[in-house]
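# Architecture and fold: a report
Here are the chains, one letter per residue:
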Amino acid sequence: QEGRRIYSNAQKYLAANLSLKFGEMVSIMISIGLGVIAPINPTVQLLNLLITHLIGTFCFAFEDAEPYIMKVPPRALKDDFVVSRTQIFFRIAPFVVYFPAVVYASLCFGMLSLAGTVNNHAIVGTAKVLDLADGKTICERAGWELENEYKMDARPFHCRCEVRKSGMPHGDIDEFDQWGSRDLEVSGNPIKQKDVFSLSSSDWKGEPNRFVEPCRGNKGVWCWKTNVEEASRPVLPRGMSCGEYGVKYGQSMAVFTIMTGEMLSLMSFRTDSFFFYH
């Protein structure tokens, strides 16, 4: 019986780990394939691996044997995959399918509420003059024309997001227009600081073309005007654009979903019976 208990717990451990890792792998591959924001960033992913994939799986070493364990016929040594086909088709496969769906539902819920998009390219922004008007991006960047190349600024100078008033993705839309600031020490919730990033602020004074203009060599992209010093250009501080704030909000919801889903899955993999009473 002890040997069967150890083997059964090894099966549970492998099934749980394969489910978690394949579920996360599919989630990341979806984000790469569709060009959308990843549901979790690398640093948080390392913390998640430590909590759920390492510490959380220690419990399998101490699980008691299932009541029916001595009634199961001896396993066939030929074509033995340790994890049974029943576990693959009824535990691992459903988890790998449903896990990314629920995670991306949480991510989209948060991002569509605050940014209006989940497209990575749109949130990063471009320097093309017409992209914002055409709906291809939510952030605009300027740059500098050098001798043989165009150097794009690392930070956007203007973002326009569709913020839902009710906080729900299907709610009424409030267009949130952000313009850069020379004060890079601003922090907090950018949605609540409209005056700081307003076109009528002391930096822009109601003039959209005060600091930027179409480049002379390429009229299709934005350039900083020659009288604008790089150190004092008005840009949106790191983490303060509405797009970045939407990413932070959406990823927070996705991470909570990931951690909760994986912990509940580990609890359910511990036993074949209803895990709440185990």
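Quick summary incoming for the structure in this document. Predicted model, so just to flag it, every value in this text is computed and none were measured.

This part takes up the overall build of the protein. Looking only at helices and strands, the protein features 5 helices and 7 strands. Going from N to C terminus, the protein has its helices and strands arranged as α-α-α-α-β-β-β-β-β-β-β-α. Over its C-alpha atoms the protein spans a radius of gyration of 26 Å, topping by over 25% the 19 Å that the globule rule assigns to 278 residues. Its C-alpha atoms put the protein at 85 × 45 × 30 Å along the principal axes. For the protein, the proportion of its 278 residues judged to be buried stands at 43%. At a minimum sequence separation of 6, the contacts of the protein that also span at least 24 residues come to 63%. By element, 61% of the accessible surface of the protein is carried by carbon and sulfur atoms, the whole surface being about 15,700 Å².

On to the side chain of Asp203. Counting through the fold element by element, Asp203 comes out in the loop between β5 (173-179) and β6 (212-214). Look at Asp203 and you get buried, because its relative accessible area is 11%. Reaching out from Asp203, the side chain makes a polar contact with the backbone nitrogen of Arg182 at a distance of 3.1 Å. Non-local contacts of Asp203, meaning those with residues more than four positions away in its chain, are made with Gly180, Ser181, Arg182, Arg210 and Phe211.

This part covers the nonpolar core. Counting residues in hydrophobic clusters, the biggest one holds 38 residues, and the most contacted among them are Met111, Ile123, Val163, Ile191 and Cys242. Those elements that place two or more of their residues in this core are α1 (2-34), α3 (85-114), β4 (158-164) and α5 (242-269). When residues in this core are grouped by element, the largest group, 9 residues, is from α3. If we ignore the near neighbours within four places in the chain, the residues touching Met111 are Ile37, Gly116, Thr117, Val118, Ile123, Gly246, Val247 and Gly250. Grouped together as the second largest cluster of nonpolar side chains are 12 residues, Val129, Trp179, Trp204 and Val212 included.

Here α1 crosses α3 at 35°, and the two axes come no closer than 9 Å. For the pair α1 and α3, the sense of crossing is right-handed.

This next bit is on the pairing of β4. Regular strands show a simple pattern: their side chains alternate between the two faces of the sheet. Of all 7 residues that make up β4, 5 are buried, and the element is covered over most of its length. Two strands pair when backbone bridges link them, and strand β1 (residues 139-140) and β4 are joined in this way by 2 bridges, in the antiparallel orientation. From the neighbouring strand, Glu140 faces β4, where its bridge partner is His158. In this structure, β4 lies alongside β5, joined through 7 bridges in antiparallel fashion. Looking at β5, one finds that Cys159 is bridged to Gln178.

Below, the discussion takes up the environment of Ile173. By the secondary structure assignment, Ile173 is in strand β5. Taking the relative accessible area as the measure of exposure, Ile173 reaches 45% and is therefore partly exposed. C-alpha of Ile173 to C-alpha of Gly116: the two residues are 57 residues apart in sequence and 8.9 Å apart in space.

Here Thr52 lies in helix α2 (residues 42-55). Under the relative-accessibility criterion, Thr52 is labelled buried at 0%. In this structure the side chain of Thr52 is engaged in a polar contact, spanning 2.8 Å, whose partner is the backbone oxygen of Asn48. One polar contact links Thr52 to Glu262, side chain to side chain, over a distance of 2.8 Å.

So, how was this worked out
Residues numbered from 1 in each chain as written. Predicted model: local features only at pLDDT ≥ 70, side-chain atom pairs only at ≥ 80, totals over all residues. Heavy atoms only, no water. Helix = DSSP H or I, 4+ residues; strand = E, 2+ residues; numbered from the N terminus. Rg over C-alpha atoms; globule rule 2.2 N^0.38 Å. Buried < 20%, exposed > 50% of the residue type's maximum accessible area, 1.4 Å probe, protein only. Contact = heavy atoms within 4.5 Å. Areas by Shrake-Rupley, 256 points an atom, 1.4 Å probe, with all protein chains shown as cover. Polar contact = N/O pair within 3.5 Å; in protein donor to acceptor, adjacent residues only side chain to side chain. Core = buried A, V, L, I, M, F, W, Y, C linked by side-chain atoms within 4.5 Å. Axes fitted to C-alpha atoms, helices over the stretch in contact; angles between N-to-C directions. Left-handed = near helix turned anticlockwise from the far one by under 90°. Pairing = 2+ DSSP bridges.

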